Amino acid sequence: MKRAVCPGSFDPITFGHLDIIKRASNHFDQIFVAVLENRTKSSLFTVAKRIEMIRETVADLPNVIVDSWSGLLVDYCKGNSITTIVKGLRAVTDFDYELQMAQLNLQASGVETMLMATAPAYSFLSSSIVRELAHYGGDVSSMIPPNVNTAIKLRVGGK
Ligand code: ADP
């Protein structure tokens, strides 16, 4: 069974993430979406809420499993027999960091990284842009799934 992981903060999940998850799910038997608990980034949504929203969003993809992890990604891969990390590449600005991580993870543990080119429509899109726009009352409905849009309105409205 070929398994891959799509890791990230997903705070919150966007159509850019979803595009990568869907496309990756066509190439592997199972995709694990791992919400990484980041010690340095302050978050808008709790990990439990992020997981709930991702699960609703990928409900139509039977080979996608949503989970969280707070350690090293390569340890998560080992523990779940995952051989490949799939990441989205938006622009050259993502490249340096992703290349460094891919090389590090390959050398440290033999886990491969596949970098998938983002769909052009989503190349500007990040969770931080969504959070920023939503904070100032901007319309983010074209960037995130409807359930996330409802949740973000409640979250920023009720700060
Ligand atoms: P963000 O940078 O949006 O906060 P994450 O840390 O949650 O995102 O990113 C997780 C993964 O999803 C990374 O591999 C990132 O490159 C990818 N990703 C995020 N946004 C997009 C997008 N718009 N298109 C393609 N991949 C994306």
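Please refer to the structure higher up on the page.
Residues numbered from 1 in each chain as written. Predicted model: local features only at pLDDT ≥ 70, side-chain atom pairs only at ≥ 80, totals over all residues. Heavy atoms only, no water.

Caption draft 1: Focus on the site of the ligand. Around the ligand lies a shell of 16 residues, among which Gly 88, Thr 118, Tyr 122, Leu 125 and Ser 127 are the nearest. Taking Gly 88, its main chain carries an N or O atom lying 2.5 Å from an oxygen atom of the ligand. Leu 125 places a polar main-chain atom, nitrogen or oxygen, 2.9 Å from a nitrogen atom of the ligand. Protein coverage of the free-state accessible area of the ligand, which is 540 Å², stands at 89%. Broken down by secondary-structure element, the contributors of at least two residues to the shell around the ligand are strand S1 (3-8), helix H1 (15-25) and strand S4 (84-89). For the shell around the ligand, the leading source of residues is H1, giving 3 residues. The residue makeup of the shell around the ligand, split by class, is 5 nonpolar, 8 polar and 3 charged. (Near = heavy atom within 4 Å. Polar contact = N/O pair within 3.5 Å; in protein donor to acceptor, adjacent residues only side chain to side chain. Areas by Shrake-Rupley, 256 points an atom, 1.4 Å probe, with all protein chains shown as cover. Helix = DSSP H or I, 4+ residues; strand = E, 2+ residues; numbered from the N terminus. Nonpolar A, V, L, I, M, F, W, Y, C, P; charged D, E, K, R; others polar.)

Caption draft 2: Structural context of the pairing of strand S2 (residues 30-36). Within S2, 6 of the 7 residues are buried, which leaves the element mostly enclosed by the surrounding structure. Note: S1 against S2, 6 bridges, orientation parallel. Among the inter-strand pairings, Gly 8 is bridged to a residue of S2, identified as Val 35. Regarding topology, H1 serves as the crossover connection from S1 to the parallel S2, and that connection is right-handed. Inspection of the sheet shows S2 paired to strand S3 (residues 64-69) by 6 bridges, in the parallel sense. (Buried < 20%, exposed > 50% of the residue type's maximum accessible area, 1.4 Å probe, protein only. Pairing = 2+ DSSP bridges. Right-handed = clockwise from strand over helix to strand, strands pointing away.)

Remember, this is a structural readout, not a statement about activity or role.
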